[in-house]
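# Coordinate inspection notes
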Amino acid sequence: MMFNKTALSIAITSTLVLASCSGKNDDETPINSSPTIVVAYVSGDDILYATATDPEEDELTYIWSVDQTTIGTGTELPLVMAPSTITGLNDVLLTVTDSTNETTKYVLGVDFGGSEVGGSGTGGGTDGGGTDGGGTDGGG
């Protein structure tokens, strides 16, 4: 049996394009994207700040942690709120989760007594804070 390669190629391409435009996967479940961390940093007054967006405009939660211990939640966290056992230079993990449990993570090197050292992200970050591991502010 002989196939028309051009017709087969067009049929496959058309199917792929239509599937990718539908906004649904094979199970007809709507596709949900991870949040994007727009900015995460330590201010000069020793407060952690973060802003994130979600393509589907889902509600977002922000969790800050050091060594798997939650030190706070929300878009702002004064370093003085961290347990007194956390001292010196530490990696602070920011996890932003949307209402469908899609997450994006970002790591800031923070001196608990100083200021931000640098950062790297995974997930949907912008300005270098995405899967390439750069910092949202270029501090990667």
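Preceding block: the structure.
Here's a quick rundown of the structure. (Residues numbered from 1 in each chain as written. Predicted model: local features only at pLDDT ≥ 70, side-chain atom pairs only at ≥ 80, totals over all residues. Heavy atoms only, no water.)

## Some remarks on the overall build of the protein
Scanning the protein from terminus to terminus reveals one helix and eight strands. Moving toward the C terminus, one meets the helices and strands of the protein in the order α-β-β-β-β-β-β-β-β. Across the 140 residues that make up the protein, the buried fraction comes to 34%. Considering only contacts in the protein between residues 6 or more positions apart, those separated by 24 or more positions represent 43%. Summed over all atoms, the accessible surface of the protein reaches about 8500 Å², with 54% contributed by carbon and sulfur. (Helix = DSSP H or I, 4+ residues; strand = E, 2+ residues; numbered from the N terminus. Buried < 20%, exposed > 50% of the residue type's maximum accessible area, 1.4 Å probe, protein only. Contact = heavy atoms within 4.5 Å. Areas by Shrake-Rupley, 256 points an atom, 1.4 Å probe, with all protein chains shown as cover.)

## Overview of the side chain of Thr-97
Within the secondary structure layout, Thr-97 lies in strand β6 (residues 88–98). The class for Thr-97 is buried, based on a relative accessible area of 12%. Not counting the four nearest positions on each side in its chain, Thr-97 is found in contact with Pro-35, Glu-59, Leu-60, Thr-61, Glu-102 and Thr-103.

## What about the packing of aromatic side chains?
Under the definition given, this model contains one aromatic pair. Ring centres 5.3 Å apart and planes at 25° place the aromatic pair Tyr-41 and Tyr-49 in the stacked group. (Phe/Tyr/Trp six-rings, centres within 6.5 Å; stacked < 30°, edge-to-face > 60°.)

## Describing the sheet that holds strand β2 (residues 47–53)
A sheet is described by the order of its strands in space; here three strands give the open sequence β1-β2-β5, paired in antiparallel fashion. Unpaired on one side and paired on the other, β1 (36–42) and β5 (76–78) mark the two borders of the sheet. Neighbouring strand axes in the sheet, compared pairwise and without regard to direction, differ in orientation by 10° on average. (Pairing = 2+ DSSP bridges. Axes fitted to C-alpha atoms, helices over the stretch in contact; angles between N-to-C directions.)

## A look at the pairing of strand β4 (residues 69–73)
Looking at chain direction, strand β3 (residues 60–66) and β4 are connected through four bridges and run antiparallel. The residue of β4 that forms the bridge with Ile-63 is Thr-73. Linking β3 to β4, which pair antiparallel, is a turn of two residues; within it Asp-67 sits at a positive phi near 50°.

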